[in-house]
Amino acid sequence: MNRHPIDPTDPTDPAPLDPADWEEFRALGKRIVDDMADFLAGLRDRPVWQPVPGPVRAALGTGLPHTGIPMDEVYEEFRATVLPFPRGNIHPRFWGWANGSGVPVAAYGDLLASLINCTLGSGENAAMMVEQQVISWLQEALHWPADGSGLLTSGASMGQITALAAARRAKGPAADIRREGILAGGAQLTVYGSTETHHSLEKAVELLGIGSRFFRQIPVDHGRRIDVRALRAAIRADRDAGLHPLCVVGNAGTVNTGAVDPLDDLLAVAREENLWFHVDGAFGAFAQLLPSHRALLFGLTEADSLVFDLHKWLYMPFDVSCVLTRQAGALEAAFASHADYISKTAGGPASYALSFADRGIEQSRRFRALKVWFALKTHGIDAFARAIEGNIAQAAHLAELVEADDHLELVSRSDLNVVCFRYVWPGAGPEDLDRVNRAVLSRLQTEGLAMPSHTVLDGKFVIRVADNNHRSTLADFDFLVREVLSAGAALRAGEPG
Ligand SMILES: *Cc1c(COP(=O)(O)O)cnc(C)c1O
């Protein structure tokens, strides 16, 4: 149904895809903002998560619409099918995986970005300047050298491959791999990181043609930090075997337990060995905002490249991440390309010196900087630092509650925001413990009470809490502990899980 007064038989009649009635567009927008303000204000009273019922699943599996319906009917469908069944990460008691909670005002930035619909590959326009400004704010916030360079990306996974491509260009073989291909270098490249390194690094190494076997997984110590001696030995062995060590990866917050590698030691190894030093600070880099945590991250600002997700511990809506390089031009060396149809002009819209498309893989890029700009201007970086400090205090509080209870075992805690624990009781065997803890977690999640995730540490199934949530309070963790204890007692006694 199309109420635009066009002649449907005339294909040259313009703009059937703009609203036929701007009043209708305006009214729906107001309603959406109204409804969403209520929804966000009432989050705490909703389940964290609930299963998608059959009819909804069916509605979300219907075929391609050939003709349209009014936009407010589409919105009603959204309200009935999508809105009630989200992932859950905006709820105050979501602490699973490594998700962020989403600062509401940032969503206005996203909405505006879509409405003005700029693409940020290149060009002389204000949107390009906003991304540049946001990158320089992030450099300043993390004490990164101001003469370094950067790019906003979708996620840290995209950042890792971008950074490793720069590493390959800077520290790889003399032969131009971009032109000649990976075999032209002669020697096999190798990359080093701990066994706890995120799998996105392995993907990056695979995609760059290095091969995942040559991502050398170095063992960790009892705190799950990389064993620097073992790292040195591995580099030496590879050199002796005629391989070409390229890059050392340091973790500023591993996804499993929030462990921070000794970054300054890794930096020293990288400098001695003339390797690129890359830091994966996907969530942990933001602890750099706290003076109390700078010693822990010492060495981070000396790295050759750093990735961090703003959609994790800066609470931005998905997706936005950042890759920084210490040297200006390092990304361009790996990615700049030339084509007549994107070459710059002396003045006008194609004249801007900077081209983000020359710093990474993507040419068309969305205006993801605007939500960050909106949120940082609205709240100021200090408010984010306070929220991060709060999450660290909440994680410490949870660890204390766990330690204080005989029925709970603290399996790991970090100086950041990750705590892993499990329900225990006297005389329980390892299989009983795994079975009951799986059931406890499943009950918390499926009943929508709270959403930790899980991992396996030293062969133990554990409940894992990663607190990147600006809505959580200490009382939410008191609630979590109470629920784990009562579910544990019930399920261990043989109640069906
Ligand atoms: C989340 C995470 C990644 C991957 O980041 P994406 O934004 O999901 O691509 C990499 N490393 C660590 C430590 C992470 O927590």
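Residues numbered from 1 in each chain as written. Predicted model: local features only at pLDDT ≥ 70, side-chain atom pairs only at ≥ 80, totals over all residues. Heavy atoms only, no water.

Caption draft 1: View of the packing of aromatic side chains. Taken as a whole and judged by the stated rule, the model has eight aromatic pairs. Residues Trp-95 and Phe-477 carry aromatic rings whose centres are separated by 4.3 Å and whose planes lie at 25° to one another, so their mutual orientation is stacked. You can see Trp-95 sitting in strand 1 (residues 94-95) and its partner Phe-477 sitting in helix 16 (residues 474-492), a full 382 residues away along the chain. The exposure class of Phe-477 is buried, given its relative accessible area of 0%. An angle of 40° between the planes, with centres 5.9 Å apart, marks the rings of Tyr-423 and Trp-425 as tilted. Both residues of the pair, Tyr-423 and Trp-425, belong to the buried class. The ring of Trp-97 carries the charged tip of Arg-87 above its face, separated from the ring centre by 4.9 Å. (Phe/Tyr/Trp six-rings, centres within 6.5 Å; stacked < 30°, edge-to-face > 60°. Helix = DSSP H or I, 4+ residues; strand = E, 2+ residues; numbered from the N terminus. Buried < 20%, exposed > 50% of the residue type's maximum accessible area, 1.4 Å probe, protein only. Lys NZ or Arg CZ within 6 Å of the ring centre and 35° of its normal.)

Caption draft 2: Region of the structure containing the layout of surface pockets. When its volume is computed, the largest pocket comes out at roughly 1,200 Å³. Around the largest pocket, the lining comprises 35 residues; the ones closest to its centre are Ile-32, Met-36, Leu-40, Phe-78 and Ala-107. Put simply, the parts of the chain that give the lining of the largest pocket at least two residues each are helix 1 (22-41), helix 3 (71-81) and helix 4 (104-116). At ten residues, helix 1 tops the list of elements feeding residues into the lining of the largest pocket. When grouped by side-chain class, the residues that make up the lining of the largest pocket number 25 nonpolar, six polar and four charged. Both domains that furnish three or more residues to the lining of the largest pocket are identified here as domain 1 (22-100) and domain 2 (119-366). (1 Å grid on protein atoms, 1.4 Å probe; cavity = no way out; pocket = protein on both sides within 12 Å on 5 of 7 lines; lining within 4 Å. Points joined across faces, edges and corners; volume = space filled by probe spheres on them. Nonpolar A, V, L, I, M, F, W, Y, C, P; charged D, E, K, R; others polar. Domains from an automatic or database assignment.)

Caption draft 3: Seen up close, the nonpolar core. Counting residues in hydrophobic clusters, the biggest one holds 102 residues, and the most contacted among them are Phe-277, Phe-286, Phe-308, Leu-310, Trp-313 and Met-316. Those residues within four positions of Phe-286 in sequence are excluded, and the remaining contacts are Leu-142, Phe-308, Asp-309, Leu-310, Trp-313, Leu-314 and Ile-388. (Core = buried A, V, L, I, M, F, W, Y, C linked by side-chain atoms within 4.5 Å. Contact = heavy atoms within 4.5 Å.)

Caption draft 4: Highlighting the site of the ligand. Taken together, 15 residues are adjacent to the ligand, and Ala-156, Ser-157, Asp-280, Asp-309 and Lys-312 come closest. If the ligand stood free it would expose 380 Å²; the protein chains cover 86% of that surface. Put simply, the parts of the chain that give the shell around the ligand at least two residues each are helix 6 (156-171) and helix 11 (310-313). It is helix 6 that contributes the most residues to the shell around the ligand, three residues altogether. Split into classes, the residues belonging to the shell around the ligand amount to five nonpolar, seven polar and three charged. (Near = heavy atom within 4 Å. Areas by Shrake-Rupley, 256 points an atom, 1.4 Å probe, with all protein chains shown as cover.)

Caption draft 5: The arrangement of the pattern of salt bridges in detail. Enumeration according to the criterion identifies 26 salt bridges in this entry. The partner of Glu-76 in a salt bridge is Arg-31, and the shortest N-O contact between them spans 2.5 Å. Placement of Glu-76 in helix 3 and of Arg-31 in helix 1 is noted, with a sequence separation of 45 residues between them. A salt bridge links Asp-221 to Arg-225; the shortest N-O distance between them is 3.2 Å. For Asp-221, a relative accessible area of 29% translates into the label partly exposed. Three or more residues are tied together by salt bridges with common partners; here these are Asp-110, Asp-319, Arg-366, Arg-368 and Lys-371. (Salt bridge = Lys/Arg side-chain N within 4 Å of Asp/Glu carboxyl O.)

Caption draft 6: Molecular detail of the sheet that holds strand 9 (residues 408-413). Strand order in the open sheet formed by five strands is 1-11-12-10-9, and the pairing between neighbours is mixed. Each edge of the open sheet is held by one strand with a lone partner, namely strand 1 and strand 9. Inspection of the sheet shows strand 10 (residues 418-423) paired to strand 12 (residues 460-466) by four bridges, in the antiparallel sense. Residue pairing across strands places Val-419 opposite Val-465, the latter belonging to strand 12. Strands in contact with helix 15 (residues 430-446) are strand 10, strand 11 (451-457) and strand 12; relative to strand 12, the strand with the most contacts, it is inclined by about 30°. This element, helix 16, spans strand 1, strand 9, strand 10, strand 11 and strand 12 of the sheet and lies at about 25° to strand 10. (Pairing = 2+ DSSP bridges. Axes fitted to C-alpha atoms, helices over the stretch in contact; angles between N-to-C directions.)

Caption draft 7: Examining a nonpolar patch on the surface more closely. Residues Trp-22, Phe-25, Val-33, Tyr-108, Leu-111, Leu-112, Leu-115 and Ile-116 make up a contiguous nonpolar surface patch of about 750 Å² in total accessible area. Where the nonpolar patch is concerned, the elements lending two or more residues are helix 1 and helix 4. A per-element tally of the nonpolar patch places helix 4 first, with five residues. Tracing the backbone shows Leu-115 in helix 4. (Patch = residues over 30% accessible without salt bridge, like charges linked within 9 Å, V, L, I, M, F, W, Y side chains within 5 Å.)

Caption draft 8: Molecular detail of the domain arrangement of the protein. What the domain assignment reports for the protein is domain 1 (22-100) and domain 2 (119-366). Relative to domain 2, the C-alpha centre of domain 1 lies at a distance of 35 Å. Each partner contributes to the interface: domain 1 provides four residues, whereas domain 2 provides four residues. Summing both sides of the interface, domain 1 and domain 2 together bury roughly 340 Å²; the carbon and sulfur share of this comes to 69%. Of all residues in domain 1, Ala-98, Asn-99 and Gly-100 bury the most surface against domain 2, accounting for 86% of the area lost on that side. Across the contact surface, domain 1 and domain 2 share one residue pair in polar contact (both at pLDDT 80 or more). Along the lines of polarity and charge, the residues of the side of domain 1 that touches domain 2 split into one nonpolar, three polar and no charged. (Buried area = accessible area lost by both parts, 1.4 Å probe. Polar contact = N/O pair within 3.5 Å; in protein donor to acceptor, adjacent residues only side chain to side chain.)

Caption draft 9: Spatial organisation of the pairing of strand 5 (residues 244-251). Taking burial as the measure, the eight residues of strand 5 include eight buried ones, the bulk of the element. With five bridges joining them, strand 5 and strand 6 (residues 276-280) adopt parallel strand pairing. Within strand 6, the position partnered with Val-248 by the bridge is Phe-277. Each parallel crossover has a hand, and the one from strand 5 via helix 10 (residues 263-273) to strand 6 is right-handed. (Right-handed = clockwise from strand over helix to strand, strands pointing away.)

Caption draft 10: A look at the environment of Val-424. Along the chain, the position of Val-424 falls in the loop between strand 10 and helix 15. Sequence spacing of Val-424 and Asp-458 is 34 residues, and the spatial spacing of their C-alpha atoms is 16 Å. In this view, Val-424 contacts Asp-406, His-407, Leu-408, Glu-409 and Leu-433; residues no more than four positions away in its chain are not counted.

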